[in-house]
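Below, each chain spelled out in residue letters.
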Amino acid sequence: MPNQFGFATEAVHRGERSDDLECVSGDVVSPIHLATHHEMESPGNPGHGYKYSRFGNPTRDALESRLAYLTGASEAMAFSSGTAAIATTVLALCEPGGHIVAFDGVYGGTKLLFEELLRDTLDIDVEYVDATDVGTVVEAIRPDTSLLWVETPTNPLLKLCDLRAVATVAAEADVPLGVDNTFATPHVQQPLELGADVVVHSTTKYLNGHSDSTGGLVATKRSAMAERISELQEYTFGNALSPFDAYLVLRGLKTLPLRVEQHEKNAQAVAEYLVDHPAVHTVNYPGLSSHPQHELAMEQMNGFGGVVSFELDATEAETRSVLEELEVFTIAVSLGGVESLVDHPWSMSASFVSPETRRSAGISESLVRAPVGIENSDDLIRDLDQALANL
């Protein structure tokens, strides 16, 4: 398929047109290839490119072709989870005893991975910095720094970093820049175009979009980097995405632009409602003019995403009570599905890190994270209004 169509067209067709497929069958939707192994033409000669599912699968290949195009990469690799994608990437890029610099706002699960695997097992010095200030990134880079890792927007406080500026710092120091782009999605933000070396996504979230598949993505323009990550995936960890999950993400990607636009429309309405509510202390959403990095969001993002977080003027018990009163919003971890969720990070998505770590990251007992779905926005606001009425 020629590289001449827009994002929405490629999200529907890339990787599944007959001229993209090695095995042409005329299917409009890529079939689910469940075979674990394939017949070879002769010993050591697969002939058609497939021999064992860990090394390649037609359904997964179709997905990777689409994801490479949508992320602006030359190569993409689909993993069994977002965590698997991050772990394999950092292990491919980091040397034992070295040093990495990470945004202090990265997701708690990523912090746990960095500290238990990199710091405690491989003796890698992990240094967290406030990457909203490019100067702190510059000061943290050392001769033995092997990776700079950021999220933007961050989970759950929706902080941003200037990707062009950070990418310049990384390039001048000859340090690869990795970006977790899960919250933004490729429809909203293109880190590789802004100078990143590698981008990861949890496909579990917006790329799948229907809360029925767990997976991860690594995409890059750097062939040597892709080769090293692929080697670890195929030969060491065996953590590739399953064919059925690849099919589910292929299906979800077809509606990604439509879904993301509705997520954002609803999130903006919810954020504006919360800003004016007397029981709400703080609202975090890049689409608000009050967000400290609103101008940066308009510059480097094509939209503001679908996640809102807010701090209630309430105790932990009162905050939990509010969430229990919600009827349209569902109390659950994760995000990016068509349904609206609500998360109490203190007791849910960030509960696996210590209270001290939570507080230092700005996560309090009254913080709420709301991944806003694609429902009727009036219903969502009415639901929040009735739940907040007793505060």
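In case you missed it, the structure is sitting above this.
Calculation criteria
Sequence order as written defines the numbering, with residues in each chain counted from 1. Local features are withheld for residues below a pLDDT of 70 in this predicted model, meaning they are given only at 70 or higher, and side-chain atom pairs are given and counted only at 80 or more; totals for whole chains, interfaces and linings count all residues. Values shown for side chains rest on all heavy atoms present in the structure; no hydrogens or waters enter the calculation. What counts as a helix is a DSSP run of H or I of at least four residues, what counts as a strand is a run of E of at least two, and both are numbered from the N terminus. For the radius of gyration, the atom set is restricted to C-alpha positions; the globular benchmark scales as 2.2 Å times the number of residues to the power 0.38. For every residue, the accessible area obtained with a 1.4 Å probe (protein chains only) is divided by the maximum for its type, and the residue is called buried under 20%, exposed over 50%, and partly exposed between those limits. A fitted line through C-alpha atoms represents every axis, and for helices the fit uses only the stretch in contact; the resulting angles, taken between N-to-C directions, go from 0 to 180 degrees. Working rule for angles: under 35 degrees goes down as roughly parallel, over 145 as roughly antiparallel, 65 to 115 as roughly perpendicular, anything else as oblique. It is the rotation of the near helix from the far one that decides the hand of a crossing: anticlockwise by less than a right angle makes it left-handed, clockwise makes it right-handed. Note on contacts: a residue pair is in contact if any heavy atoms of the two residues lie within 4.5 Å. Amino acids outside the nonpolar list (Ala, Val, Leu, Ile, Met, Phe, Trp, Tyr, Cys, Pro) and the charged list (Asp, Glu, Lys, Arg) are all regarded as polar, and Gly is one of them. In this tally, Lys and Arg are treated as positive and Asp and Glu as negative; His is ignored, and so are the chain termini. Basic side-chain nitrogens of Lys or Arg form a salt bridge, by our definition, when they fall within 4 Å of a carboxyl oxygen of Asp or Glu. Two N or O atoms form a polar contact when they lie within 3.5 Å of each other; inside protein one atom must be a possible hydrogen donor and the other a possible acceptor, and for residues adjacent in sequence the pair counts only when both atoms belong to side chains. Two strands are said to pair when DSSP picks up at least two bridges between them. Definitions used throughout: a 1 Å grid over protein atoms alone; a cavity as a set of points that fits a 1.4 Å probe which cannot get out; a pocket as an open set with protein on both sides within 12 Å along at least five of seven lines; a lining residue as one with an atom within 4 Å of a point. Grid points are joined across faces, edges and corners, and a volume is the space filled by probe spheres set on the points. Throughout this description, the term nonpolar core refers to a set of buried Ala, Val, Leu, Ile, Met, Phe, Trp, Tyr and Cys residues connected via side-chain atoms within 4.5 Å.

**Some points on the overall build of the protein**
Part 1 of the argument: Tallying secondary structure elements over the protein gives 13 helices and 12 strands in all.
Part 2 of the argument: In terms of C-alpha radius of gyration, the protein reaches 21 Å, essentially the compact-globule figure of 21 Å for 391 residues.
Part 3 of the argument: With respect to the three principal axes, the spread of C-alpha positions in the protein is 75 × 50 × 35 Å.
Part 4 of the argument: Buried positions account for 55% of the 391 residues belonging to the protein.

**Re the packing of helix α9 (residues 256-275) against helix α13 (residues 377-388)**
Part 1 of the argument: Between α9 and α13, the least distance of the axes is 9 Å, while the angle of their chain directions is 30°. When the axis of α9 is compared with that of α13, the two are roughly parallel. Every pair of crossing elements has a handedness; the one defined by α9 and α13 is right-handed. Of α13, the residues touching α9 (which contributes N266, A269, V270, Y273 and L274) are S377, L380, I381, L384, D385 and L388.
Part 2 of the argument: In terms of residue class, the contact of α9 with α13 is built from eight nonpolar, two polar and one charged.

**Examining the side chain of E64**
Part 1 of the argument: Structurally, E64 can be placed in helix α2 (residues 58-71).
Part 2 of the argument: The charged side chain of E64 is buried without a salt bridge, its nearest counter-charge being R60 at 4.1 Å.
Part 3 of the argument: A distance of 2.9 Å separates a polar side-chain atom of E64 from the backbone nitrogen of A78.
Part 4 of the argument: Beyond its immediate sequence surroundings of up to four residues, E64 is in contact with A76, M77 and A78.

**With respect to the sheet that holds strand β9 (residues 307-312)**
Part 1 of the argument: The antiparallel open sheet is built from three strands, whose spatial order is β8-β9-β12. Each end of this open sheet is capped by a strand with a single partner; those strands are β8 (280-284) and β12 (367-371). Going from strand to strand, the sheet's axes swing by 20° on average, the running direction of each strand aside.

**Side note on empty space enclosed by the protein**
In this approach, a probe sized like a water molecule rolls over the atoms, and the result shows the empty space that is left.
Part 1 of the argument: In this structure the tally under the stated criterion is three cavities of 30 Å³ or more.
Part 2 of the argument: Contributing to the lining of the largest cavity are F310, V322, L323, L326, V368, L384, A387 and L388.
Part 3 of the argument: At the level of elements, α11 (316-325) and α13 are the ones that each hand at least two residues to the lining of the largest cavity.
Part 4 of the argument: Broken down by element, the residue count for the lining of the largest cavity peaks at three residues, all from α13.
Part 5 of the argument: Residues of the lining of the largest cavity, tallied by class, amount to eight nonpolar, no polar and no charged.

**Focus on the nonpolar core**
Part 1 of the argument: Residues L63, F114, W149, L177, L274, V308 and F310 are the most contacted members of the largest nonpolar core, which totals 105 residues.
Part 2 of the argument: In contact with F114, other than residues within four places in its own chain, are I86, V90, I100, A102, R119, V126, Y128 and W149.
Part 3 of the argument: W346, A350, I363 and L367 belong to the second-largest nonpolar core, a separate cluster that totals five residues.

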